[in-house]
Amino acid sequence: MSVSVLGIRHHGPGSARSLRDELERLKPDIVLIEGPPEADALAGLAADPDLRPPVALLAHVPGEPARAAFWPFAEFSPEWQAIRHAVRTGVPVRFCDLPAAHGLALDRGGSPDGPADEDPGEGGPGAVAPDDGPREARPADAPGGSPDSGAPGDRPQERGPDAPESGAPAVPVDPIAALARAAGYDDPERWWEDAVEHRGDTPFEVIAEAMAAVRDGHVPDAREARREAYMRRTIRRAVKEGFERIAVVCGAWHVPALTGVPGGGGAWGAGLPPVKADDALLRGLPKVKAEITWVPWTYGRLASWSGYGAGVTSPGWYHHLFASADRPVERWLTAAAGVLRDEGLPVSSAHVIEAVRLAGSLAVLRGRPLAGLAEVTEAARAVLCEGDDLPVELIRRRMVVGERLGHVPDSTPMVPLQRHLREEQRRLRLKPEALDRELDLDLRKPLDLDRSGLLHRLRLLGVDWGVPARSRGKGTFRESWTLAWRPEFDVDLIEAGAWGTTVLAAASARARDLADGGPGSGRGSLADLTGLVERCLLADLPDALPYVLDALAARAALDNDVTHLMAALPAMVRARRYGDVRGTPAEGLTAIVDALLTRICVGLGAAVTGLDDDAARDLLRHIDEVHAAVALLDDGPAGGVSRDETPRGRWTATLRGLSGRSGLHGLIEGRLTRILLDAGDLDDAEAGRRMALSMSAGHPPARAAAWIEGFLSGGGLLLVHDARLLGLVDGWLAGLAPETFVDVLPLLRRTFGAFAVPERRSIGSRVRALGTRETAAAAAEEIDEARAAAAVRTVLALLGRTETP
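Residues numbered from 1 in each chain as written. Predicted model: local features only at pLDDT ≥ 70, side-chain atom pairs only at ≥ 80, totals over all residues. Heavy atoms only, no water.

A. The packing of aromatic side chains, seen in detail. Within the structure shown, the criterion is met by nine aromatic pairs. Residues Phe70 and Trp297 carry aromatic rings whose centres are separated by 4.8 Å and whose planes lie at 50° to one another, so their mutual orientation is tilted. Here the residue Phe70 occupies a position in strand 4 (residues 64-73), and Trp297 occupies one in the loop between strand 10 (291-296) and helix 10 (299-302), the gap between them amounting to 227 residues. Judged by its relative accessible area of 1%, Phe70 is buried. The class for Trp297 is buried, based on a relative accessible area of 0%. Seen in terms of ring centroids, Trp465 and Trp485 are 5.6 Å apart; in terms of plane orientation they differ by 85°. Their pairing is edge-to-face. Pair noted here: Trp465 is in the loop between helix 17 (446-460) and strand 12 (466-469) and Trp485 is in the loop between strand 13 (478-483) and helix 18 (489-496), with a separation of 20 residues, a long-range link. Aromatic ring contacts, followed pair by pair, group Phe73, Trp80 and Trp294 into a single cluster. (Phe/Tyr/Trp six-rings, centres within 6.5 Å; stacked < 30°, edge-to-face > 60°. Helix = DSSP H or I, 4+ residues; strand = E, 2+ residues; numbered from the N terminus. Buried < 20%, exposed > 50% of the residue type's maximum accessible area, 1.4 Å probe, protein only.)

B. View of the sheet that holds strand 11 (residues 437-442). Spatial strand order, 11-13-12: three strands in an open sheet with antiparallel pairing. Since the sheet does not close on itself, it has two edges, and those belong to strand 11 and strand 12, each with one partner. The sheet shows a mean angle of 35° between the axes of neighbouring strands, taken without regard to direction. Relative to strand 13, strand 11 runs antiparallel, the two being bridged by six bridges. Looking at strand 13, one finds that Asp440 is bridged to Ser480. (Pairing = 2+ DSSP bridges. Axes fitted to C-alpha atoms, helices over the stretch in contact; angles between N-to-C directions.)

C. Spotlight on the layout of surface pockets. There is about 710 Å³ of room inside the second largest pocket. Along its surface, the second largest pocket is lined by 30 residues, and Leu405, Gly406, His407, Lys431 and Pro432 are the ones closest to its centre. Listed by contribution, the elements that provide at least two residues to the lining of the second largest pocket are strand 10, helix 16 (416-428) and helix 18. Among the elements that make up the lining of the second largest pocket, the one with the highest residue count is helix 16 (five residues). (1 Å grid on protein atoms, 1.4 Å probe; cavity = no way out; pocket = protein on both sides within 12 Å on 5 of 7 lines; lining within 4 Å. Points joined across faces, edges and corners; volume = space filled by probe spheres on them.)

See below:
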């Protein structure tokens with residue numbers, strides 16, 4: 001019987017190649033891999049060609065999606081290669097780390113001394129708050145740059161020689177940094193790549209010996225001690241079951257804890273803690289019910305900058321090193337040239353040859369066995385990109401990190417909602433992708449209409465696979481989206497699975513819950529309920545829409561605040577319009593819109609009185625929004641209905657009655673005048689009269705400035721095309737006393753500063769022309785007709801004419 005403990009670095013291509021070769025040599029009859037034992041039944045899926053890395057094991061607590069953890073695997077992950085070897089050779093494969101049922105319980109602060117099925121509750125130093133979301137599991141608690149490449153906060157702790165077993169300050173251990181210093185390197189990552197990743201032939205015995213030296217005197221913390229105790233328990237169980245050649249694949253940091261010390265007479269286990277000690281460590285651990293499955297992963301989430309504790313800085317580069325054992329530098333720079341050519345940049349074969357030579361020269365100067373990522377990047381920058389950092393960033397995004405998104409087969413355990421979404425993605429030809437993808441939809445096409453409905457339903461469920469973007473078209477039948485799949489969406493789908501087994505059913509149930517005031521409903525606002533109606537129409541939820549409409553009608557009947565009603569109306573009008581455009585029946589919307597508008601028209605008179613500047617500005621925003629919404633309701637009288645009885649007519653009549661009232665805030669009065677002028681309800685003469693009255697000496701300058709701001713808030717083109725109104729504003733401004741002008745100028749600057757640059761330029765030209773015409777008129781009065789006659793005859797002769805026109 002032999003037990004071979006093979007220490008690797010998670011997501012290390014050199015470790016993966018060495019491990020693959022070592023397993024071929026050892027020919028084990030069982031393979032034990034660091035990971036959650038609940039995944040033992042899923043390891044066989046690695047034989048399915050549709051399980052394509054990067055993928056991750058997802059463990060979660062049913063009903064509590066925030067309590068979840070991922071164990072990612074890439075093609076160049078040693079653990080993945082171990083799984084593939086086992087399924088290819090037909091030998092059993094098991095995971096030997098602490099079960100996820102215990103790990104998720106401990107992460108919520110569960111007491112290790114509590115009963116096995118105890119709910120650990122909310123507290124504790126390692127607690128994960130419910131809104132913290134799922135985490136990526138730490139494959140091994142070692143420092144960044146170590147073979148286990150954990151986050152700094154996950155480092156194994158070393159206590160001082162005189163420190164007690166608990167409560168003593170811990171000193172972080174960075175094994176790779178210690179080994180790099182011993183080798184004369186100042187960069188631990190560069191040393192590890194030179195010694196292991198760029199070679200692929202480092203003996204596992206050497207790694208084990210190095211880790212034993214680094215761990216000398218190390219006292220593991222409670223979590224690390226439990227994990228290693230469980231690993232030893234799993235190995236002992238395999239030995240007891242009669243396996244003769246056992247291969248254990250784990251983070252290099254754990255090798256000394258799993259092999260014991262020399263002098264044991266050749267038998268595995270000599271020098272290791274006794275079975276009773278390990279059992280004592282594992283007795284009474286808190287436990288929760290955990291489920292596990294495979295989910296797709298991305299190279300972007302595998303990178304260390306994403307926050308993943310065992311991440312690597314360059315997943316794409318590591319994948320290349322693993323897949324291209326022959327001439328990796330030449331192949332990499334050739335691929336980089338292809339990326340640049342795809343973007344229209346001129347890169348020739350001579351560029352590639354020169355870049356390869358430069359990368360090799362840099363590696364020789366730096367004493368490296370192979371040009372690393374730093375060398376090929378510098379060579380690409382200097383030769384392929386000619387010193388420009390922007391193309392280098394393109395290479396980094398496309399190649400160094402990579403765009404790869406994994407895939408899991410249909411036989412993978414999934415909640416029904418996940419499976420239905422996969423079917424919908426295939427039916428609608430919407431392939432999940434890791435990078436942002438722009439999608440333009442034409443809602444007149446059945447396929448695009450179904451795509452839009454799916455994306456809106458997912459957003460209602462909290463799965464923001466698609467984010468609406470500003471449409472590049474002008475019609476209401478166009479939609480633009482930005483799509484990007486994130487691994488955590490699988491957790492969101494598991495959570496949303498409680499609402500239904502299909503996307504349609506789940507979105508409908510979620511909409512009804514939001515209408516009832518469920519979590520995240522924001523039901524305190526009438527505008528939020530009308531927004532929910534709009535979302536139901538966008539998502540095409542005919543079963544949920546009547547329920548939400550009933551809730552909206554009940555809420556609107558009890559809400560007497562006119563500003564609440566005004567805030568609710570635009571969303572309702574848009575919903576009514578979407579119902580028309582999408583062919584979605586929206587019975588009940590017209591009656592609710594009509595009732596809301598009627599109550600707004602009745603209550604607006606009281607709402608506009610006694611306003612200060614801030615309240616006036618807020619009400620003005622609501623007036624503009626309602627005015628824009630009413631414009632979408634009808635175009636004029638139809639079916640024998642007079643114009644004044646239409647929604648637009650009633651709204652205009654309300655504004656007309658308010659505009660002549662005294663005591664209105666200048667901002668409101670000016671805006672109402674402008675709206676009525678644009679609607680044709682006022683002629684230019686009446687608008688000019690009202691402007692002249694507002695700017696008369698009887699009004700304070702600040703009120704006059706507010707009136708002008710309200711009047712011009714719809715845009716400055718009116719002053720460009722109406723010289724008389726521009727003359728009124730110019731005359732009023734020119735007639736102000738110097739001290740009054742100083743007080744009014746900031747208000748007017750705010751008004752005119754909101755105009756577009758071309759509008760301001762045109763207004764300035766018009767003002768200059770006003771002065772020119774006045775000067776020309778004054779000059780015309782002083783012209784001597786007799787003296788001018790001779791000049792007129794000369795000009796006519798030059799033009800070939802003999803008569804005065």
